[in-house]
Amino acid sequence: MKRRAAASCHRASSPSPFAQHGERAGVRGCVLRRWQPHPSSGLRPPSPLAPRREKARRAASAWSVIALAFAALLAASASAQTHATNEFLHVQRGELPILITAPHGGSLAIPGVPRRVGPEGERTSGKFVTGQDVRTFELATATAKRVEEITGKKPYLVASKAHRQYVDPNRPEKEAVEHPKAAAVHAAFHGQVREFVDELRKKFPQGALLLDIHGQASFPDTLIRGTQNGTTVMRVVEKHGVAALTGEASILGFMAGKGVKVEPPNTPPGTPPEPRGFSGGWIVRSYGSHTTNGVDAIQLEFGGSFRTDAAKREETAKLLAEAIKAYAKKYLAK
Ligand SMILES: [Zn+2]
């Protein structure tokens, strides 16, 4: 059953959050490709060269700067094309320290790629899931739009358009794909997220937040939090205390304050633990602030009542956007 299958969308084996380093190898190690001026430029002593030679040297130097800038522009453009023009990704470069991801809301088949069949033993155990998180693509894009409306600035956004039957961006590649063309979509998704996370860390040293949007079918009226029990938001909790995860200006605290049923309740992380199977998947475990090059990351699993009906979905997007605004003001301003 499709809905039932979607309920267990993150029922991957959940290894200890402290044993992730080897697993992350596939999506880490991405380096900034942009050209950087040499730190010593502009600080050179006066040239001892004769005036004519000095003029020629300056002209050559100016050309080399232009050439380098042009090369950097080409590299940036090639990089943007690699990810942004991928037809299976919806990408928005933002202006706020917020990145919204949605790996499971896509509907497109990848031409020439058969549906995944999964490892033999996992087809019956419920661990292997190919069901769509219904309308989470729409919820993620609507939320991004609402954030822009109420703040005047865009959040970052990466949403998969490919159906989970062909690729699962919330799994490491070896579990996510069964065909090279699907592997390219998986790599493009993570290349784009990595690039944005690197950019966020550089542009917003005070902190940034990744919200990974999902849908679960086990508890229709509940919003489930997945942070590996506080691990993937380690940085903001160290800086501002657990209120940043559970207080009234936290994402979950704000939603609860507006009448949304959240699970676990906004008690200190681990008491009680986040529900089994929804405690944070590959994305938050790969890019969370417990990693050396991550940002604070929360997986949000919305029950069906928040997202299947169009009017309710708009309400959810509006509420989440308000929560993002409140959180950014309190925890990301400085
Ligand atoms: Zn999901």
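Here's a quick rundown of the structure. (Residues numbered from 1 in each chain as written. Predicted model: local features only at pLDDT ≥ 70, side-chain atom pairs only at ≥ 80, totals over all residues.)

Some details on the sheet that holds strand β7 (residues 296–302)
Strand order in the open sheet formed by 7 strands is β1-β3-β2-β4-β7-β5-β6, and the pairing between neighbours is mixed. Looking at which strands have only one partner, the edges of the open sheet turn out to be β1 (89–92) and β6 (261–263). Each adjacent strand pair in this sheet contributes to an overall mean axis angle of 20°, direction not counted. Sheet contacts for helix α4 (residues 136–151): β1, β2 (98–102), β3 (156–160), β4 (209–215) and β7; angle to β2, the most-contacted strand, approximately 160°. (Pairing = 2+ DSSP bridges. Helix = DSSP H or I, 4+ residues; strand = E, 2+ residues; numbered from the N terminus. Axes fitted to C-alpha atoms, helices over the stretch in contact; angles between N-to-C directions. Contact = placed C-beta atoms within 7 Å.)

Section: the pairing of β4
Of all 7 residues that make up β4, 7 are buried, and the element is covered over most of its length. Of the two faces of β4, the one lined by L209, L211, I213 and G215 and the one lined by L210, D212 and H214 are each fully buried. Bridge count between β2 and β4: 4 bridges; the pairing is parallel. If you follow I100 over to β4, its bridge partner there is L211. Where β4 and β7 come together, 7 bridges link them in parallel fashion. Each bridged residue has a counterpart across the sheet, and for L209 the counterpart in β7 is D296. (Buried ≥ 20, exposed ≤ 12 C-beta atoms within 10 Å, placed from the backbone.)

Brief notes about helix α11 (residues 310–331)
Between its first and last C-alpha, α11 extends 31 Å over 22 residues, near the 32 Å set by a 1.5 Å rise per residue. Residues of α11 that are buried include every one of R313, T316, A317, L320, A321, A323, I324, Y327, A328 and Y331, and no others. Looking down the long axis of α11, one finds its buried residues gathered within 165° of arc, a one-sided arrangement. Opposite its buried face, α11 presents the exposed residues A311 and K329, each directed more than 90 degrees away. (Expected span 1.5 Å × (residues − 1). Arc of directions from axis to C-beta.)

These figures capture arrangement, not role.
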